Amino acid sequence: AKYLGELKKRMRAAKDARREAREKALPDTLTTEQAEHLFAIGLAMYPGEKLHLDHIVPLSKGGGTTLANMHAIPGWLNDSKGDALPEEIYAQLGLA
């Protein structure tokens, strides 16, 4: 039951993000082949992890769905970063 609630929440958030991207006219050029390539890289970097395709610069901050703005990362990492920019994450970790 908890899993289904989380899944519904994610689906609603993804739908909202796609609507927001359309409204902002953000680029959406990532192809299926490119997404598969990103997942292959992610599997090599994070073997055995459940991966999410993630926007480096979030849609909410103007990032589009393009090859240059996407990467495959573990789901736990994607969940923990929210819509933070890379530099914000580095600062939180004391790496900036």
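Residues numbered from 1 in each chain as written. Predicted model: local features only at pLDDT ≥ 70, side-chain atom pairs only at ≥ 80, totals over all residues. Heavy atoms only, no water.

Quick look at the pairing of strand β2 (residues 70–74)
Then comes step 1: In terms of burial, β2 is a largely internal element, 4 of the 5 residues being buried.
Then comes step 2: Where strand β1 (residues 51–55) meets β2, 5 bridges bridge the pair, whose relative direction is antiparallel. When the bridges of β2 are listed, H52 appears paired with I73. (Buried < 20%, exposed > 50% of the residue type's maximum accessible area, 1.4 Å probe, protein only. Helix = DSSP H or I, 4+ residues; strand = E, 2+ residues; numbered from the N terminus. Pairing = 2+ DSSP bridges.)

Some thoughts on the side chain of T65
Then comes step 1: By secondary structure assignment, the location of T65 is in the loop between β1 and β2.
Then comes step 2: The exposure class of T65 is buried, given its relative accessible area of 17%.
Then comes step 3: A polar atom in the side chain of T65 sits 2.8 Å from the side chain of H55.
Then comes step 4: Residues within four places of T65 in sequence aside, it is in contact with P27, D28, T29, L30, H55, L59 and M70. (Polar contact = N/O pair within 3.5 Å; in protein donor to acceptor, adjacent residues only side chain to side chain. Contact = heavy atoms within 4.5 Å.)

Focus: the layout of surface pockets
One water molecule sets the probe size; rolling that probe over the atoms shows where empty space is left.
Then comes step 1: Put simply, the largest pocket is a space of about 1100 Å³.
Then comes step 2: If you trace the largest pocket, you find 30 residues lining it, with A13, A14, A17, H55 and N78 closest to the centre.
Then comes step 3: Within the residue set of the lining of the largest pocket, elements represented by two or more residues are α1 (2–24), β1 and α3 (75–81).
Then comes step 4: Considering every element that reaches the lining of the largest pocket, the biggest residue donor is α1, with 11 residues.
Then comes step 5: Taken together, the residues of the lining of the largest pocket sort by class into 12 nonpolar, 6 polar and 12 charged.
Then comes step 6: Quantified by volume, the second largest pocket comes out at close to 320 Å³.
Then comes step 7: Along its surface, the second largest pocket is lined by 15 residues, and H71, L77, K81, I89 and Y90 are the ones closest to its centre.
Then comes step 8: Contributions of two or more residues to the lining of the second largest pocket are made by β1, β2, α3 and α4 (86–92).
Then comes step 9: Residues that form the lining of the second largest pocket fall into these classes: 9 nonpolar, 4 polar and 2 charged. (1 Å grid on protein atoms, 1.4 Å probe; cavity = no way out; pocket = protein on both sides within 12 Å on 5 of 7 lines; lining within 4 Å. Points joined across faces, edges and corners; volume = space filled by probe spheres on them. Nonpolar A, V, L, I, M, F, W, Y, C, P; charged D, E, K, R; others polar.)

Focus: a nonpolar patch on the surface
Then comes step 1: On the surface, a nonpolar cluster with roughly 360 Å² of combined accessible area is contributed by Y90, L93 and L95.
Then comes step 2: Within the fold, L93 resides in the segment after α4. (Patch = residues over 30% accessible without salt bridge, like charges linked within 9 Å, V, L, I, M, F, W, Y side chains within 5 Å. Areas by Shrake-Rupley, 256 points an atom, 1.4 Å probe, with all protein chains shown as cover. Salt bridge = Lys/Arg side-chain N within 4 Å of Asp/Glu carboxyl O.)

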